[in-house]
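Spelled out from the first residue to the last, the chains are:
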Amino acid sequence: MGSLDGAAGPGSYKRAAVAAPAPAPLPLPRSSAGGGAAPRRPGMRSRLARFLLVDKVDYLQWIGTAAAFFFVTILVVAFLPGSLVLETPAMLLPSRRASAGGVRSRTHPLLPPDLDNGEGLAFEPTRLRERWARERREEAESLAELGRPVKRAGARKPRLALVFANLAPGAMQLQMVSVASVLEAMGYEMKVFSFEDGPCTNIWRTIGIPVEILPVDTKLLTSVDWLDYDGMLVNSIEARPVFSSLLQEPFKSIPVIWTVQESSLTHCVSDYNSSGRIQTLGGWKEVFSRANVIVFPNYILPVMYAALDSGNYFVVPGSPAVAIQPDRFIANSYDQDVRIGLSLGPRDFVIAVVGSQFSYGGFLMEEAFVLQAVRPLLQQYRSENSTQTGLKVRILTGNVTDKHRMALEAISLNVGFPRGAVEHVAVEDSDNLLGISNLVIYGSCLDEQSFPSVLVQAMILEKLVIAPDLGMITKYIDDGINGLLFPRKNIAMLTQVILQAVSNGELSVLGKKVASVGKARAKDLMASEAIEGYAVLLENVLKFPAEAITPLTSGEIPLALKQEWKWHLFEDVKHLYHMNESLTDCKILQKIEWHTNRKDDPRSSTQKIDEAFSAIAWNEERLNGIMDAKMKLEEEELKERSDQPHGTWEEVYRNVKRVDRMKNELHERDENELERTGQPLCIYEPFFGEGTWPFLHQGSLYRGIGLSSKGRRPGADDIDASSRLPLLNNGYYRDILGEFGAFFALANRIDRIHKNSWIGFQSWRMTARKVNLSKNAESAILEAIQTQKHGDAFYFWVRMDQDPRNHGNQNFWSLCDAINAGNCRLAVSEAFQRMYGLQLDEDLNSLPHMPNDGDTWAVMQSWVLPTRSFLEFVMFSRMFIDALDAQMYDKHYQTGHCILSIHRDKHCYSRVLELIVNVWAFHSARRMVYVNPETGAMREQHPLDGRRGRMSIQWFSYATLKSMDEDLAEEYDSDHPERRWLWPHTGEMMWQGLYERERNMRQQEKERRKQQTKDKIQRIKKRARQKTIGRYIKPDDAGRLNDTGTVD
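Anyway, here's the lowdown on the structure attached to this text. Model, not experiment: these values are computed from the prediction.

### Thoughts on the pairing of strand 23 (residues 863–866)
Inspection of the sheet shows strand 21 (residues 758–761) paired to strand 23 by four bridges, in the antiparallel sense. The residue bridging Trp-758 from the neighbouring strand is Pro-866, located in strand 23. Here two bridges tie strand 22 (residues 793–796) to strand 23, and the two strands are oriented antiparallel to one another. Pairing of Phe-796 across the sheet is with Trp-863, part of strand 23.

Laid out in structure tokens, this is it:
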């Protein structure tokens, strides 16, 4: 659904073509005979018949129909002044979605008033379909503009995550098990996640889908790396806690399809507004807008959830919940009590009249016509000994008022039914009514888009169904096979159909046979549409990477797989009819909202602190504070009394400047930082967003480095990479560089922040996959570093041959092509040409040789090497990335597409950068050592002895790279080029001329200070001095002054 904004807005309810008013009848041919009275009467009768939509009508039937029509009209005027719809609003649209003609009151009907004649409505997800079409069109245009073909390697299956609140048996589990079975046959690979275990765990494992139980503590972010999956299918309102991580980076881009089958939240929205809980309502709106698509099983729920609509509603009709609900009645069968509750006798023949879920103005008229059609059955139920009849009609209605009851009673009495024979029944008793009824008549002529669920329930209970020949009904009911149909435009035929179905006061043989066939077909009536609907959704929503195999399309699904639900898998599960009925009112939702608010509310941390201090003896704390204040005061007084050495003004000036320089660096050093200074190694974990927090380590060996100033862990000793490298404030380069943004930020004046001799990196995604370093592996690496076991080595612990993207154990360049749309070698070749100014062969045989000798390579940026070697690698990477950027920036920045991805991708060449460290390490003659992340066992890969003659050391040596780096720095420093150039923004620029200029500047600063000192001394010497005023003469012992002592 695109939206419900306005009557003509995109995604709103529109008139369906099939529900347009019937065309005017053709004019009758004029009689060739003379104008006598006899020839004209048949013509008049035919016109009247067409006017009443009846083909053959006798005069008695016409008189009765006309009388009923005028009587209903009188009742409408007498009892229901104004519009019928104003008194029967089943559900209300928000006032903000009123039409442009003005703001409507809260009594605005669900359907427009001009639909009183029963015209149909069409619900179209306009915004979604327009967006999908626009994305396909833009993608085709962008790929055509690239000028180079992209291809899919197909190395792995596309992965889906299915998230549930629990694994209790119910309709949701049955539906998703059936859908998942078909998706698996189409080529998808799936995994189930749930917050609670249940009996359905074994069912999922039976069909080969693994199950993982998520932590119950929803105050913490879910510790699952959702980036491993190409899409997510979230099921049920109760699964909302999973969005606590999906609303955070880096999981905001994961496609999410959320299936909502409950209506409980709709009853709470008005309570939130009335009670002023705007924050709670805003939280639900945020979650609903996060999902790419919200899927509903029918067309009534999108209207009920209109207040939360953000243009992403979609309807996939069909759910086994409709087929399971009658099972509850069968399991709790108490026919006698139900009949008493509905004012029915034990032998009454009950006709249930049902209709559309929508409220519209013409429904009372339709009820009158149905009662008129049922009236001939009264002759079969007249009793000789009693004035009471055994025929009872119960009309299922959503909102019943006293005026409606009065009108219905008047109509039934006028038609000929005795008092009490015709009554309304509330929707809450629909299961009971359908369970004890003998015949079900669908009396609504409103042409909807899906088969009415109430008819499915009736058919499951083996009730004979009689319905008009509407398009959505004839699609599933064959007349005389699994139901009986009557012409919509000839309602008089309903009487004949009813008489055909009822004989001698009970169902006829034909009626029983049709009802039996209907029960057999109803259980899987719309399974094919539902399963195919999810397949279509996945085709439009998911964008698979180049290494993923393209699954089958919805049109390629075998009919045998999708035509029924997987009932046989639930045969051993008891109480299947208990359909997750826990969400029945707003109180049940408070548990979900409480956990979410605890996490999102910043005051929760303050509450935790207060709870932590609640057990402290506050009296003792107050006394300690008083003693500390007294001691501090005494120390200050003693300090004032003691002599303080006074320095020169130059020393004071230097001290003040020193304090200013250190002001931003003053912080309390925690235990981890103190321990880190004494270690030879520090492993950094680059991260972006709060979603990665559960995967980051806390310890002296590890330190986080955030790629953005937002989403940093409070209280943690993390590094802000964007403050060290301003380039990362640009979202385009932050996304495209990935971990290399952290590399460049650390290498930029590295001595100010990293003082260890070795440096390492570990991707947080490895922690999520449980392949991070264990304590044994950490100890093994530290021991190898301290003993210099392998010298200047490159240690890594994530193998390429065990990577999920490398199913076929491909060689280095083949895997690089597979994950980069087949253009990895081409991109690397052009980058090297730009770097070195060389012309490589067109067949790409001149690429650096990466042997396939049985050993493996490093992936996922998890490795350790000496700090000096790391700076050399950064020097190489800066020039390589600058060459890639010059090659791809223009088209990628404008369109979002590049030759290294099939679809729009903001991480264009990040997969090339993931592997380029192997090229540098191999051809710069570093020893490459694999470390088992569990045991710490080490094994050298591609030994140096076997590399001789296969390395391009001349292009990767430090001297070559340093010379190239200085040339670039000289060009930028001397020429100041105005072209767009990435390299100067990725780190420091150093060359000999810059060293000399800085040395000259320091020398000039030193000379300037010397001159200032000399000038100051000269000013002191030339300062005017005051003459002595007098001289003091000390008297002798006799108290007389010395004769020679004078006073000037």
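### Considering the sheet that holds strand 20 (residues 719–720)
Sheet architecture is open: eight strands sit in the order 20-19-18-21-23-22-24-25, paired in mixed fashion. Among the strands making up the open sheet, the edge pair consists of strand 20 and strand 25 (938–941). Here four bridges tie strand 24 (residues 927–931) to strand 25, and the two strands are oriented antiparallel to one another. Looking at the pairing, Val-929 lines up with Glu-940 of strand 25. Its contacts with the sheet place helix 34 (residues 910–923) against strand 22, strand 23 and strand 24, and it is angled at close to 130° to strand 24.

### Brief notes about the nonpolar core
One finds Trp-863, Phe-870, Phe-876 and Phe-880 to be the most contacted residues of the largest nonpolar core, which totals 103 residues. Among the elements that line this core, the one with the most residues is helix 33 (residues 867–895), at twelve residues. Core analysis: the next-biggest nonpolar cluster, separate from the first, contains 83 residues, Trp-132, Val-316, Val-322 and Phe-451 among them.

### Some remarks on the pattern of salt bridges
The final tally for this structure, using the stated rule, is 33 salt bridges. Taking the shortest distance from any N to any O, the salt bridge between Arg-394 and Glu-423 comes out at 3.9 Å. You can see Arg-394 sitting in strand 11 (residues 391–397) and its partner Glu-423 sitting in strand 12 (residues 422–426), a full 29 residues away along the chain. Classification of Glu-423 by relative accessible area gives partly exposed; the value is 29%. Within the structure, one salt-bridge network assembled from shared partners comprises Asp-225, Asp-228, Arg-765 and Arg-769.

### Observations concerning helix 32 (residues 824–836)
For helix 32, which comprises 13 residues, the first-to-last C-alpha distance of 18 Å matches the rise-based estimate of 18 Å (1.5 Å per residue) to within 8%. Those residues of helix 32 not exposed but buried are Cys-824, Ala-827, Val-828, Ser-829, Glu-830, Ala-831, Phe-832, Met-835 and Tyr-836. Tucked into the core, helix 32 has its buried residues touching helix 31 (812–818), helix 33, helix 34, helix 36 (953–956) and helix 37 (958–975). Two residues or fewer after helix 32 comes Gly-837, characterised by a positive phi angle close to 70°.

Reading the values: the criteria
- Residues numbered from 1 in each chain as written.
- Predicted model: local features only at pLDDT ≥ 70, side-chain atom pairs only at ≥ 80, totals over all residues.
- Heavy atoms only, no water.
- Pairing = 2+ DSSP bridges.
- Helix = DSSP H or I, 4+ residues; strand = E, 2+ residues; numbered from the N terminus.
- Contact = heavy atoms within 4.5 Å.
- Axes fitted to C-alpha atoms, helices over the stretch in contact; angles between N-to-C directions.
- Core = buried A, V, L, I, M, F, W, Y, C linked by side-chain atoms within 4.5 Å.
- Buried < 20%, exposed > 50% of the residue type's maximum accessible area, 1.4 Å probe, protein only.
- Salt bridge = Lys/Arg side-chain N within 4 Å of Asp/Glu carboxyl O.
- Expected span 1.5 Å × (residues − 1).

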